[in-house]
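Reading the structure
One-letter residues, chain by chain:
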Amino acid sequence: MARRNTTLGIFFMLVFCAFAPVMDASAKATPAEVPVTQILAFRFGIQVLLLYPLVMALSLPSRTTGREVVFHLARAATLTLATYCFFTALRYMPVADAIAIFFVSPFIVTLLGALFLKEPIGWRRSLASLVGFGGALLVIRPSFADLGVVALLPLATALMFAIYMLLTRAMSQRAHPLVLQAHTALAASLMTIPPMLLLDGTGFTYFDPVWPSPYAWMTLIAVGTVATISHVFLTFALRLIPAGTVASLQYFEIVGATIVGFLIFGDFPTPLTFLGIAIIIASGLYNIARESRLSEIPERAAPPPP
């Protein structure tokens, strides 16, 4: 059973890695006249519209305690800040550049997961994560000298997203992933939509909403829909496998980002990029094999039934 859950958790995480770059590309493709806060409002508002009917149709328990409300608000706040910083960064840099800088997040998740969730992580998986990060740097070699202050935005995203993943890992053991994502989306909507409406007409670049063009409608709907799908899979993954393992597998996202960047924005990978992708894949495959092997140990050690 443990091995099956591990395999399923890995599969869910790989689905997230495939969908997440599409969400980022949709946000980047949204016309510049649409403020970032409006993109966030669509991203979370669509998630509310998609998930709450599903939660009710499946009759999933959705009541929360006062303590859980605090956790939902914390998850929403960290995810909102992470998404805002990242979508803003995408206005100024390619998707793969932003994701390459963002890939300090797996290190943060692994360390915080060991510190606060008491999740064991051996030196082999730590080394594999380090190698994967080195591969990410080969894909896109971010230079703070070239990017300036903008390069700090993906770093801020990395920190906020790491905290979000740890909160998700802790809460996913008590709440159904669909309920968890629905509540978080509702809280995030309440954090983004009211400020946008209050600043309507002020001309403030990142908050003053505009009526989207037909093309913008498509990209905004894509952002919300793809974000909902990807984060539901992420929550299911965090329910089944440790946060450190999820963080290691997250390196596969750079592969999707490179492919999406080439197909949509014409960023052609260099030979060094392909080398970096190969290193990332090798690192991720090692972590998958290592986690699957460890999941078999309890089953082998379990005594036979009477």
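Residues numbered from 1 in each chain as written. Predicted model: local features only at pLDDT ≥ 70, side-chain atom pairs only at ≥ 80, totals over all residues. Heavy atoms only, no water.

Moving on: the overall build of the protein. If you tally the helices and strands in the protein, you get 13 helices and zero strands. Listing every helix and strand of the protein by position from the N terminus yields α-α-α-α-α-α-α-α-α-α-α-α-α. When the 306 residues of the protein are sorted by exposure, 52% land in the buried category. For the protein, the proportion of contacts with a sequence separation of at least 24, taken over those separated by at least 6, is 90%. Summing over all exposed atoms, the protein offers an accessible surface of approximately 14,000 Å²; the carbon and sulfur share of this is 74%. (Helix = DSSP H or I, 4+ residues; strand = E, 2+ residues; numbered from the N terminus. Buried < 20%, exposed > 50% of the residue type's maximum accessible area, 1.4 Å probe, protein only. Contact = heavy atoms within 4.5 Å. Areas by Shrake-Rupley, 256 points an atom, 1.4 Å probe, with all protein chains shown as cover.)

Quick look at the packing of aromatic side chains now. By the definition in use, this model includes ten aromatic pairs. Ring geometry for phenylalanine 161 versus tyrosine 164: centroids 5.5 Å apart, planes at 35°, classification tilted. Of the two residues, phenylalanine 161 and tyrosine 164 are both situated in helix H8 (residues 152–171); the distance of three residues between them amounts to about one turn of the helix. For the pair formed by phenylalanine 161 and tyrosine 164, the shared burial category is buried. Pairing tryptophan 211 with tryptophan 217 gives two aromatic rings, centres 5.5 Å apart and planes at 70°, and the pair type is edge-to-face. Among the residues examined, tryptophan 211 registers a relative accessible area of 73% and is labelled exposed. (Phe/Tyr/Trp six-rings, centres within 6.5 Å; stacked < 30°, edge-to-face > 60°.)

In this section: the packing of helix H4 (residues 95–102) against H8. Between H4 and H8, the least distance of the axes is 8 Å, while the angle of their chain directions is 50°. Taken together, the axes of H4 and H8 are oblique relative to one another. Taken as a pair, H4 and H8 cross one another with a handedness that is right-handed. Contacts from Ala98, Ile101 and Phe102 of H4 reach H8 at Pro154, Leu155, Thr157, Ala158 and Phe161. In terms of residue class, the contact of H4 with H8 is made up of seven nonpolar, one polar and no charged. (Axes fitted to C-alpha atoms, helices over the stretch in contact; angles between N-to-C directions. Parallel < 35°, antiparallel > 145°, perpendicular 65-115°, else oblique. Left-handed = near helix turned anticlockwise from the far one by under 90°. Nonpolar A, V, L, I, M, F, W, Y, C, P; charged D, E, K, R; others polar.)

Attention shifts here to the confidence of the model for the protein. Looking at the protein, the pLDDT average stands at 82 and 86% of residues meet or exceed 70. Confidence, expressed as mean pLDDT per element, reaches its minimum in the protein at helix H7 (residues 144–147) with 62 and its maximum at helix H2 (residues 36–57) with 95. Segment residues 299–306: pLDDT under 50, and three contacts once partners within four positions in sequence are set aside and those in other chains are kept. (pLDDT = per-residue confidence, 0-100.)

If you look at the biggest cluster of nonpolar residues, it comprises 63 residues, and the most contacted ones within it are Met13, Phe87, Phe161, Met165 and Leu234. By size, the runner-up hydrophobic cluster in this structure holds ten residues, among which are Tyr52, Ala182, Ala185 and Val232. (Core = buried A, V, L, I, M, F, W, Y, C linked by side-chain atoms within 4.5 Å.)

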